[in-house]
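Structural description and commentary
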Amino acid sequence: MSLSRGAFLLILALSLFFAASCQIEDEDISCFTSLDCPDGYECSYDGICVPEGEGGDTGNTGDTSDTGDTGNTGDTGNTGDTGNTGDTGNTGDTGNTGDTGNTGDTGNTGDTGDTGDIDEIPDVDAAPECGNGVKEEGEECDDGADNGKYGFCLGDCSGLGERCGDSVVQNTEELCDGNTIVCNLIEGMGYVNEVEASCTAACDAWDTSVCECDTGYEKDGDGKCVDVDECATSAHNCDVNADCENTDGSFTCTCKDYYSGDGISCTYCDQPNLCGTDCHECTGDTLKCKDNGDGTTVCVQCVEESDCEGDTPHCLLDDNTCVGCRDDNDCNTAGGEVCRTDTHTCVVNTCGDGYLGGNIPEFIEGFEGGSRPGYSSGTGWSVSTSEVHGGTYSLKSDNPGHGYYSSIAMIKYTDGQICFWYAGESESGWDYFTVYVDGNVELEVSGDHKTWSQECITVSAGYPMVVFEYYKDDMGGSTGWDAYYVDDIKFHGAVGEQCEVSQTTNCTSLGYDNSQTVQCGSDCTWQAGEDQCEYDDGW
């Protein structure tokens, strides 16, 4: 049986179709467009070659290519290609149904020479979508929503946009880009050299490692030139006795007070021509320069005895002035002179001259006034002429009665020792004569002491309380005098004046227990006024 040429071609096409089907079934073929698939297959949305009509979309539109049956020529088949505009390969199926193999083959396989190369078949896939973030055929890049921004793809996905490294400085995004700049032209950095600095890889700064700061400056953490504080870092040459002051790019040295020089070298000012805070020359009455020993100096009259002469031959070192006397040793003490501390002159000081510091004679209480002294208090003792040590009067204890005592207390200035004479007679071992100083027993006797004896008690200089007491036991009985006498109490030797007439003090300072005011006596002691004071116990 003979086959027509059309039947032969149909059989051949079917054979190729089934062969391709077997191959596809054995292994999936990946594709980007339908042009990547064998004849009779199209590219599905999954990127896999599948038989035409199974890839999705409405391929039935291609059925309209039946009009291809009307033509015997291959051109008619091209008309059927218009079915491809439906995005499906079903149009090619139309070619298979036509009797003329030329037309059908053209759509499906392109193998027939009448329809031309398969490349001439238009792309049935959709155009690339710029902005979906996927680089597709026909696109150079696609950064999605970032397209058109600095450092990303152009807005039409045709290539890279503005970015660091394109040798174009983008003023809003970059400081530099592949270019260089001379160091001393970089604004706000303070560089002084003319070396060219290159742009950094990030296009955001200059590489200033080759740039240098002026003398007195250094780079900070940001590379900017800042002043070096030489005074704080000890990078200066000021003298140890100079003050260092930092300046912009440098420093100054100034000698401290009491030093002279240029600040680099300073000399201590302790000479008559260089003395005092500002190192001036000593003139007038103060021609000597005194070193105070504490790093300071001052111009004075004298620093030693040989600096003084005439009526003021002595150098008073307390204030370095020439005076007539420094103390009583510089005066004729044998003639009664003393050195007045206010004028430093030798004078005969007398009580009442208004100048405190003169000598007053020793004080001995002999009761020669015929009465108890005003600085005494107590009961049971009275002035007597019966037994005396010297003079006319003495102080005698009264008989207190059995089981009682009589006492008298005295407060008077003493220079450190109180001496007195005493005599008496009492029932031995029962009746006692006792002397207290500030509450402490200093003497206690009993029995026959009719012979006068002197007792001296060491005390602290000041105003102690001295108490004389006579006690009789409660057993009864008496012997002889049955009393004790006290006379010639020496409170102090020759001492300096205690006060000057018209001066006042308070009783507390004299040892009393109250703060009443007391006047200085006419003898320049407080004795004349002590009768104004009293004890809290009523004495």
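Computed from a prediction, not measured in an experiment: that's the story for all the values here. (Residues numbered from 1 in each chain as written. Predicted model: local features only at pLDDT ≥ 70, side-chain atom pairs only at ≥ 80, totals over all residues. Heavy atoms only, no water.)

Moving on to the overall build of the protein chain. Looking only at helices and strands, one finds five helices and 33 strands in the protein chain. Expressed as a percentage of its 539 residues, the buried residues of the protein chain come to 38%. Of all intrachain contacts in the protein chain linking residues separated by at least 6 positions in sequence, the fraction that spans at least 24 positions is 45%. As displayed, the protein chain has an accessible area near 28,900 Å², and 46% of this comes from carbon and sulfur atoms. (Helix = DSSP H or I, 4+ residues; strand = E, 2+ residues; numbered from the N terminus. Buried < 20%, exposed > 50% of the residue type's maximum accessible area, 1.4 Å probe, protein only. Contact = heavy atoms within 4.5 Å. Areas by Shrake-Rupley, 256 points an atom, 1.4 Å probe, with all protein chains shown as cover.)

Even without a glycine there, the phi angle at C203 is positive, about 60°. As for its position among the elements, C203 is in the loop between β4 (196-198) and β5 (217-219).

By the element assignment, D239 lies in the loop between α5 (230-233) and β7 (242-247). One buried charge, D239, has no salt-bridge partner; the nearest side chain with opposite charge is K256, at 8.1 Å. Among the polar contacts made by the side chain of D239, one reaches the main-chain amide nitrogen of C266 at a distance of 3.4 Å. Aside from chain neighbours lying at most four places away, what touches D239 is G263, I264, S265 and C266. (Lys, Arg positive; Asp, Glu negative; His and termini not counted. Salt bridge = Lys/Arg side-chain N within 4 Å of Asp/Glu carboxyl O. Polar contact = N/O pair within 3.5 Å; in protein donor to acceptor, adjacent residues only side chain to side chain.)

In spatial order, the strands read β21-β24-β29-β26-β27; together these five strands make up an open sheet with antiparallel pairing. What marks the edges here is a single partner per strand, and that holds for β21 (376-379) and β27 (440-445). The mean inter-strand angle of the sheet, taken between neighbouring strand axes irrespective of direction, is 15°. (Pairing = 2+ DSSP bridges. Axes fitted to C-alpha atoms, helices over the stretch in contact; angles between N-to-C directions.)

The subject of this paragraph is the environment of Q170. Its place among the elements puts Q170 in the loop between α4 (101-108) and β3 (180-182). Here the alpha-carbon distance between Q170 and C203, two residues 33 residues apart in the chain, equals 9.5 Å.

Here the structure, examined in full by the defined rule, presents 13 aromatic pairs. Seen from their ring centres, F420 and F468 are 5.3 Å apart, and the 80° between their planes marks the pair as edge-to-face. Linking F420 in strand β25 (residues 417-425) with F468 in strand β29 (residues 465-471), this pair joins segments that are 48 residues apart in sequence. According to the relative accessible area criterion, F420 is buried, its value standing at 0%. The class of F468 is buried, set by a relative accessible area of 1%. What links up through ring pairs into an aromatic cluster is the set W381, F420, Y422, F433, F468, Y470 and Y484. Here the basic side chain of K412 rests over the ring of F363, its NZ or CZ set 4.6 Å away from the ring centre. (Phe/Tyr/Trp six-rings, centres within 6.5 Å; stacked < 30°, edge-to-face > 60°. Lys NZ or Arg CZ within 6 Å of the ring centre and 35° of its normal.)

All right, on to the pairing of β7 then. By the bridge criterion, six bridges tie β7 to strand β8 (residues 250-255) in an arrangement that is antiparallel. The partner of D243 across the bridge, within β8, is T254. In textbook terms, the turn of a hairpin is the stretch between consecutive antiparallel strands, and for β7 and β8 this stretch comprises two residues, one of which, G249, has a positive phi near 85°.

Next up on the list: the state of the cysteines. Counting across every chain of the model gives 19 disulfides. For C302, the disulfide goes to C315, at an S-S distance of 2.1 Å. Its S-S torsion of approximately 90° makes the covalent link between C302 and C315 right-handed. Highlighted residues: C302 in the loop between β14 (297-300) and β15 (314-316) and C315 in strand β15, separated in sequence by 13 residues. Overall, C302 belongs to the buried group, its relative accessible area being 0%. (Disulfide = S-S within 2.5 Å.)

Before going further, it helps to examine the confidence of the model for the protein chain. Looking at the protein chain, pLDDT values average 81 and 79% of them are 70 or higher. Counted against residues more than four places away or in other chains, residues 19-26, with its pLDDT under 50, gives seven contacts. Predicted confidence is poor over residues 56-122, with pLDDT under 50, and the contacts of this stretch with residues over four places away or in other chains come to 94 contacts. (pLDDT = per-residue confidence, 0-100.)

Looking at soluble globular proteins, one finds that nonpolar side chains tend to be buried together. If you look at the biggest cluster of nonpolar residues, it comprises 34 residues, and the most contacted ones within it are W381, M410, F420, F433, V435, F468 and I489. Mapped onto this core, the elements with two or more residues apiece are β24 (405-411), β25, β26 (432-437), β27, β29 and β30 (483-492). Looking at this core element by element, the count peaks at four residues for β30. Residues in contact with I489, not counting those within four places in the same chain, are F363, I364, E365, F367, M410, I418, C419, F420 and F468. Y191, A197, C211 and C213 belong to the second largest nonpolar core, which has twelve residues in total. (Core = buried A, V, L, I, M, F, W, Y, C linked by side-chain atoms within 4.5 Å.)

Looking now at the pattern of salt bridges. Counting across every chain of the model gives ten salt bridges. Put simply, R326 and D330 hold a salt bridge, and the shortest N to O gap is 3.0 Å. A relative accessible area of 35% places R326 in the partly exposed class. For D448, the salt bridge goes to K450, with nearest N and O atoms at 2.8 Å. Overall, the relative accessible area of 32% leaves K450 in the partly exposed class.

Here we come to a negative patch on the surface. Together, D243, E245, D257 and D278 make up a negatively charged patch on the protein surface. One can find D243 in strand β7. (Patch = residues over 30% accessible without salt bridge, like charges linked within 9 Å, V, L, I, M, F, W, Y side chains within 5 Å. Charge placed at Lys NZ, Arg CZ, Asp CG, Glu CD.)

Relative to the assigned elements, E212 resides in the loop between β4 and β5. Measuring from C-alpha to C-alpha, the distance between E212 and V192 comes to 6.2 Å, with 20 residues separating the pair along the chain. Once you skip the residues sitting within four places of it in the chain, E212 turns out to touch Y191, V192, N193 and C225.

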